[in-house]
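Structural features, examined
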Amino acid sequence: MQTKTREYIDFWVKNSIHAAEQYETPGASQDVNELVGRLIEGTRGQGISQKAMEKEVGDLTGYVRNMLMTANKVEMDRRN
């Protein structure tokens with residue numbers, strides 16, 4: 001059974017991390033630090049600490065960077 005923390009992180013990733021828009025159209029933020037800040041800010045209202053998130057996924061910056069890289073790779077592969 002997933003913890004509340006893991007459920008929130010998974011929900012946030014699904015709804016907040018998106019591949020870069022193609023063809024120079026405005027798209028989702030690709031700034032990892034901005035995304036990490038948004039994740040931390042969102043958990044405050046849920047009663048989830050940064051420490052609890054790090055216990056679930058390790059380094060938040062590295063985790064968000066990896067999720068973003070994965071989303072971008074999936075999109076690139078889809079287009080090819």
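Structure: see above.
This section reports on the structure supplied with the text. Model, not experiment: these values are computed from the prediction. (Residues numbered from 1 in each chain as written. Predicted model: local features only at pLDDT ≥ 70, side-chain atom pairs only at ≥ 80, totals over all residues. Heavy atoms only, no water.)

Concerning the overall build of the protein chain
When you go through the protein chain residue by residue, the secondary structure sums to 4 helices and 0 strands. Expressed as a percentage of the 80 residues in the protein chain, the buried residues total 31%. A sequence separation of at least 24 residues applies to 71% of the contacts in the protein chain between residues at least 6 apart. Surface summary for the protein chain: the accessible area is close to 5600 Å², and the carbon and sulfur share equals 51%. (Helix = DSSP H or I, 4+ residues; strand = E, 2+ residues; numbered from the N terminus. Buried < 20%, exposed > 50% of the residue type's maximum accessible area, 1.4 Å probe, protein only. Contact = heavy atoms within 4.5 Å. Areas by Shrake-Rupley, 256 points an atom, 1.4 Å probe, with all protein chains shown as cover.)

A word on the environment of Lys73
Within the secondary structure layout, Lys73 lies in helix H4 (residues 60-79). Counting along the chain gives 53 residues from Lys73 to Ala20, while the straight-line C-alpha distance between them is 9.8 Å.

Details of the side chain of Thr5
Considering the arrangement of structural elements, one finds Thr5 in helix H1 (residues 4-16). Excluding residues within four positions of it along the chain, Thr5 makes contact with Ile48, Ala52, Met53 and Glu56.

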